[in-house]
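Structure at a glance
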Amino acid sequence: MNLKKALTKDTISLDIKSSSKEEVIEEMIDILVSAGKIKDRKSALNVVIEREKKMSTGMQNGIAIPHGKTDTVETLVAALGVKSEGIDFDSIDGKPSTIFIMTISPANRTGPHIQFLAEISRLLNDPATRQKVLTAQSKEEVVDTLQL
Amino acid sequence: MRILIIGAGGAGRRLATRLCGEKHDVVLVDNRDTPLEEVESQLDMLTVRGEGSSPATLEEAHIRKADLLVAVTNRDEVNILAGLFAHSVGVRHIVVRVSNSDYLSSDKSYDLHGMGIDLVVSQKEECARELFNILTMSGTQEVVELMSGGVLALGLMLHTDSPMIRSPLKDLNEPDILSKLRFIALMRGDEISIPRGDTQFMIGDHLYFVALPEHAAELLDWVHPERPTFAKVVIAGGGDLGLNLATKLEKVSMPVTLLESDEERASYVSGVLSRALVLRGDGLEQDTLENCGISERTAFVAVTGEDERNILACLLAEKKGASFTLAQVGRPEYVPVINSSSLLDRAVSANTAMNNAILRFLRGRNIQAAASFSQLPGELLEVIQPAKSKWTGHKVRDIRMPHGSIIGAIKRDGQVRIATGDSELLEGDRLVIFSLRGTANKIEALFRP
């Protein structure tokens, strides 16, 4: 099973419109709903917001990884959003977040979710890769950069 | 070193392959042609066909020249006899595998050690202990006991809930927690390093540290606050391994349900266990799985003796809602594949224990024991600071350790303490050292008197 297959062109947005943390989460949930990856919008939104309340998922280097677990999905689903101006996501280093990776996974499976995040964040740990994602002109470019 | 291996089954062949790779002189004995022919076609070693317990066969295999004899046929009696003969002709190191726990009796009259066998390995006992550790120290990927259980080496994966991913090691303001552990290795993808103060951990990193057993739960709660806890363990398979594991879990008051398809065996197991619920049924049957009441706080362990069956039973249990699934597999090469595929939570191979036992004899005089992790390349060594060691009175930070190695713990006067840079070494100290693959010889040389 290739975990990176969870991220496809239809769940990537290079043009995040929102300007607050809550809005970004909603916007990304809607991307997953439109792509047919989430059926129960309300429950998915709830779990991500609840998770965010416990501890912000804004990491270093402008990466944020909002996520949640719910049995309303059968397998891991993922979306990637880019907003080059950045949004305050209560990140560890206090800097604005620019790349958002959202995952929603079934409640009792932590393995795939962590492995997915590990693979993606390992790739994005490289400054050149981050820059390529941030300046990508098309979704195909992101797919190529992350070797999806 | 000249090594005589009795038994060309899975364990024997894997061991032979490894030892040949390390340039040892290996002779393999088995009473069947086929496995020997297979080995001969692949490896450069001498093979002898015959009964491993027969003096004639052992002579033909030049037993008198051997430095180490390892007997791993599937018959305990053959292994023990081969070991006893080896002792009588002066083989220095003897390792014997048994499956019947009667041979591990603590009664001195039947003590195999007293009869000259250095090490009696019970694969099932070792495997049960590993499964038990994984279940009772949930959140870990592997647990290795060192210094007779006085210190643990724990391996786990960093999740999104871990405070460790939030700042570099030196900025973690947790002096109390950090004084109770010592990080020995970090595995990120294929890269392995020893964590330093400026190391920034990431989600998915595999982190290894040593700690005292009494601190393990507290440390795991800190590193992985959302680690799963189990209210019940369901064991599929009531063989020796399943029964051994159930007995261990009963002792710590963990509720256990055991599934065994053979009626006679099920009633025997039910008689031996005091509190566990024993159900007659197959772990692959929907009805059985439903009857055993799997919930989101259930850990499911499959130990039926068949790899494929164990893996499938775990997949079914996961579908029924088990929060943690663990399969015992005989083929060690399956373990990394399963553990990286995310299908099951964990797979454990029974051969690690055997390997660890053998390593001990290959690592020189002042290295007392060694152990390896199943997922992390490298070894944990137990080294004695000999009399007149050049390091007596020196601090840990001043010792020029070979690249890729670190002192994790120190045992002195029967007490184990976690090493820090300021720990001072004294004569007779026993040290736990982690070393990346290939540095064991350098460490042996470093501490040579």
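Residues numbered from 1 in each chain as written. Chains lettered and ligands numbered in written order. Predicted model: local features only at pLDDT ≥ 70, side-chain atom pairs only at ≥ 80, totals over all residues. Heavy atoms only, no water.

Helix and strand counts for chain B stand at 14 helices and 22 strands. The globule rule puts the C-alpha radius of gyration for 449 residues at 22 Å, and the 23 Å found for chain B is close to it. With respect to the three principal axes, the spread of C-alpha positions in chain B is 65 × 65 × 45 Å. Looking at the 449 residues of chain B, the share that counts as buried comes to 57%. (Helix = DSSP H or I, 4+ residues; strand = E, 2+ residues; numbered from the N terminus. Rg over C-alpha atoms; globule rule 2.2 N^0.38 Å. Buried < 20%, exposed > 50% of the residue type's maximum accessible area, 1.4 Å probe, protein only.)

All names here are of chain B. Among the eight residues that make up strand E9 (residues 181-188), eight are buried, leaving the element largely enclosed by the rest of the structure. Where E9 meets strand E11 (residues 206-211), six bridges bridge the pair, whose relative direction is antiparallel. Residue pairing for E11: Ala185 is matched across the bridge by Tyr208. Looking at chain direction, E9 and strand E10 (residues 191-193) are connected through three bridges and run antiparallel. By the bridge assignment, Leu186 is partnered in E10 with Ser193. If you look at the hairpin formed by E9 and E10, you'll find two residues sitting between the two strands, and Gly189 has a positive phi there, around 60 degrees. (Pairing = 2+ DSSP bridges.)

This part covers the sheet that holds strand E3 (residues 46-49) of chain B. Residue and element names in this part refer to chain B. Ordered by their spatial adjacency, six strands build an open sheet running E3-E2-E1-E4-E5-E6, and the pairing between neighbours is parallel. Strands at the two margins of the open sheet, each flanked by one partner only, are E3 and strand E6 (119-122). The sheet shows a mean angle of 15 degrees between the axes of neighbouring strands, taken without regard to direction. Across four bridges, the pairing between strand E5 (residues 93-98) and E6 is parallel. Residue Arg97 lies in a different strand from E6, and its bridge partner there is Val121. Seen against the sheet, helix H1 (residues 10-21) touches strand E1 (2-6), strand E2 (25-30), strand E4 (68-71) and E5 and runs at an angle of roughly 165 degrees to E1. Set on the sheet, helix H2 (residues 33-42) makes contact with E2 and E3; between it and E3 the angle comes to about 170 degrees. (Axes fitted to C-alpha atoms, helices over the stretch in contact; angles between N-to-C directions. Contact = heavy atoms within 4.5 Å.)

Right, let's get into helix H8 (residues 240-251) of chain B. All names here are of chain B. Between its first and last C-alpha, H8 extends 17 Å over 12 residues, near the 16 Å set by a 1.5 Å rise per residue. With nine of 12 residues buried, H8 is to be regarded as a mostly interior element. What H8 keeps buried is the set Leu241, Gly242, Leu243, Asn244, Leu245, Ala246, Lys248, Leu249 and Glu250. Phi turns positive one or two residues past the end of H8, at Ser253, with a value near 60 degrees. (Expected span 1.5 Å × (residues − 1).)

Moving on: the domain arrangement of chain B. Entries for chain B in the domain assignment read domain 1 (2-121), domain 2 (126-131 + 229-354) and domain 3 (359-446). Each of domain 2 of chain B and domain 3 of chain B was reduced to a C-alpha centroid, and the two centroids are 36 Å apart. (Domains from an automatic or database assignment.)

If you look at the biggest cluster of nonpolar residues, it comprises 48 residues, and the most contacted ones within it are Leu80, Ile101 and Phe116 of chain A together with Met164 and Phe209 of chain B. Sorting the residues of this core by element identifies strand E4 (77-87), strand E5 (97-105), helix H3 (111-124) and helix H5 (139-145) of chain A together with strand E8 (151-157), E9, E11 and helix H7 (216-223) of chain B as the ones contributing at least two each. When residues in this core are grouped by element, the largest group, six residues, is from H3 of chain A. Apart from the residues within four sequence positions on either side, Phe209 of chain B is in contact with Leu152, Ala153, Leu154, Leu156, Leu181, Arg182, Phe183, Ile184, Leu219 and Val223 of chain B. Membership of the second largest hydrophobic core comes to 28 residues, among which are Ala266, Leu273, Ala276 and Val301 of chain B. (Core = buried A, V, L, I, M, F, W, Y, C linked by side-chain atoms within 4.5 Å.)

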